[in-house]
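Breakdown of the fold
If you want the building blocks of each chain, they are given just below.
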Amino acid sequence: MKLSSKLILFITSSKLAVVLLFIISLPFLVDRIVSEYTNYSLRRQQAKVINVVHKNGIDHYLQGDDNYGSYTMLKEEYIALEPASAKTRIDTIKTAQRVVERDTLTYRILMHTFSFESKNYLLEIGKTTASINQYNKPLQRIALYVLMGLIALTLLFDLIFTRVLIRPLGKIIKSKLINRKFPFKDYSPPVATSTQDFKYLDESLIQLMDQINEAFEKEREFTANASHELMTPISILQNKMENLLGDEQLPEAVVLRIVEMMKTLSRLKKISNSLLLISRIENQQFVKSANIKPSKIINEVMEEISHRAEEKELQIHINLKEDQLLKNVNQDLLFQLFYNLINNAIKYNVAHGSIRITDEHKKGGNYTITIQDTGIGIAEEDLDFIFDRFRKANLTENVGYGLGLSIVKSITLFHGIEILVKSKVNEGSTFSLIFPATDR
């Protein structure tokens, strides 16, 4: 999962968790707020009553009676004032029941004693809990709507900020990692970002690519120079040995030793030629300007190599589209590509086996050529290394130098061809060459 997706998922999940927690705690919060506001309202009414008493006298309420009581029409609120003993000291707010005209109602009651003109009075102000709680549900609903709106707004801002924040990371990945082919020849400028971590990552990737390119260039230059320089002494040694063989006075044992030495030199020459070819391919010293038909070039390969298939009595099945054309390729390299693959299919096949060469158009327009044999196969643990130089797998005899498939890999990389391998020991191997759609 991408970093942006993880951040968005985390932000959304955290917001939803906050909403869920708020919904659970909302009734308690609203009840608490309403209760505190009711207490505040009762205190204000208390202060107002006492202020009126001190201003207009106690008779403003009692009017000659011993006590005073009043309530609203729906009995939602009431006020009571009566004398109290001198020692009574009460100042509290509680929920209790009162009987009003034979109706027992639950009130939130403020009880407060105060002195006026050397007399002690008890003041009660009550408000029904039903009237207090009638606004709880609307308040909860309004609070929930406000919260949802704020959550949606902050979520939108978070998503926008997250995208803006990690946009440089996406540019770094796209410019430095995605669709970058080794060696990294095209220059990729640093990505503009104010985030120090991203800037450090970008600079480190550029530095790492430069170091890889430098090391690769040195290795490639060494391989090319070594392969090229070896050819001269090898040729000189070959000529001298051929001249020695022309001496009729040499003992037969010496002649045999010289022949063995010439075989070794021949092997060294082939290895040097192969390494030199790989180096030239990697240095892109070949031109891709030819348009060829794969059926034609594979037939040319078979004409040159068919005698090897006849020695093992192999059955060759070729089923290729005659009108298929590969554009902007190098004919010599493709010949070498098919030659190596078909030669391996023959070399590592069993007697009386078969080789099948077919083609098809895959979904998306890619053209694919498949070379399938019934040979000794390749072990699964060796499949990841078969294109490495000097690496040979599942061989019962010392044949080849381990460079054929390395040459194949270099040619496919040079042409942008994808190569896939499927193989099982003693069941055969299948090599699939997937050509880019632009080459058709």
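Residues numbered from 1 in each chain as written. Predicted model: local features only at pLDDT ≥ 70, side-chain atom pairs only at ≥ 80, totals over all residues. Heavy atoms only, no water.

An unreviewed UniProt entry lists the chain under the name histidine kinase, with Pedobacter caeni as the source organism.

Pairing of strand β11 (residues 418-424) with strand β12 (residues 428-435) involves seven bridges; the strand directions are antiparallel. Each bridged residue has a counterpart across the sheet, and for leucine 420 the counterpart in β12 is serine 432. Adjacent in sequence and paired antiparallel, β11 and β12 are bridged by three residues, among which asparagine 426 carries a positive phi angle near 65°. (Pairing = 2+ DSSP bridges. Helix = DSSP H or I, 4+ residues; strand = E, 2+ residues; numbered from the N terminus.)

Interface extent is often summarised as the accessible area lost during association of the parts. By domain assignment, the chain separates into domain 1 (3-136), domain 2 (196-282) and domain 3 (290-435). For domain 1 versus domain 2, the separation of C-alpha centres amounts to 99 Å. (Domains from an automatic or database assignment.)

Evaluation of the coordinates by the stated rule reveals six aromatic pairs. Summarising the aromatic geometry, the rings of tyrosine 78 and tyrosine 107 are spaced 5.0 Å apart at their centres and angled 85° between planes, so their arrangement reads as edge-to-face. In this pair, tyrosine 78 sits in strand β2 (residues 77-83) while tyrosine 107 sits in strand β4 (residues 103-116), placing the two residues 29 residues apart along the sequence. Judged by its relative accessible area of 12%, tyrosine 78 is buried. (Phe/Tyr/Trp six-rings, centres within 6.5 Å; stacked < 30°, edge-to-face > 60°. Buried < 20%, exposed > 50% of the residue type's maximum accessible area, 1.4 Å probe, protein only.)

Under the UniProt annotation, "transmembrane region" (unreviewed entry) lies at residues 7-30 and 142-166. Measuring from the first to the last C-alpha atom of residues 142-166 gives 36 Å, for a span that is 100% helix and 0% strand. (UniProt positions renumbered as here; feature names shortened; annotations may be inferred.)

With that settled, the discussion passes to the pattern of salt bridges. For the coordinates displayed, the defined rule picks out seven salt bridges. Among the salt bridges present, the one from lysine 15 reaches aspartate 158, with a minimum N-O distance of 3.1 Å. Placement of the pair is lysine 15 in helix α1 (residues 3-56) and aspartate 158 in helix α4 (residues 136-176), with a sequence separation of 143 residues. The closest approach of N and O atoms between arginine 98 and glutamate 124, which form a salt bridge, is 3.3 Å. Residue arginine 98 is located in strand β3 (residues 91-100), and its partner glutamate 124 is located in strand β5 (residues 119-128); the two are separated by 26 residues in the primary sequence. With relative accessibility at 23%, the residue arginine 98 sits in the partly exposed group. What makes glutamate 124 buried here is its relative accessible area of 12%. (Salt bridge = Lys/Arg side-chain N within 4 Å of Asp/Glu carboxyl O.)

Let's shift gears to the nonpolar core. Core analysis: the largest hydrophobic core is formed by 46 residues, its most contacted members being Ile298, Leu334, Phe338 and Ile342. At the level of elements, α6 (252-282), α7 (294-311), β8 (326-329), α8 (331-347), β9 (354-361), β10 (367-373), α9 (404-415) and β12 are the ones that each hand at least two residues to this core. The element that contributes the greatest number of residues to this core is α8, accounting for ten residues. Counting contributing residues, this core receives three or more from each of domain 2 (196-282) and domain 3 (290-435). Leucine 334 has contacts with Ile292, Ile297, Leu326, Val329, His415 and Ile417, leaving out every residue within four places of it along the chain. Core analysis: the second largest hydrophobic core is formed by 17 residues, Val53, Ile58, Ile93 and Leu110 among them. (Core = buried A, V, L, I, M, F, W, Y, C linked by side-chain atoms within 4.5 Å. Contact = heavy atoms within 4.5 Å.)

Another aspect to go through is the packing of α1 against α4. Two numbers describe how α1 lies on α4: the axes approach to 10 Å, and their chain directions differ by 160°. With respect to α4, the element α1 is oriented roughly antiparallel. Where α1 crosses over α4, the handedness of that crossing is right-handed. In terms of residue class, the contact of α1 with α4 is made up of 22 nonpolar, six polar and four charged. (Axes fitted to C-alpha atoms, helices over the stretch in contact; angles between N-to-C directions. Parallel < 35°, antiparallel > 145°, perpendicular 65-115°, else oblique. Left-handed = near helix turned anticlockwise from the far one by under 90°. Nonpolar A, V, L, I, M, F, W, Y, C, P; charged D, E, K, R; others polar.)

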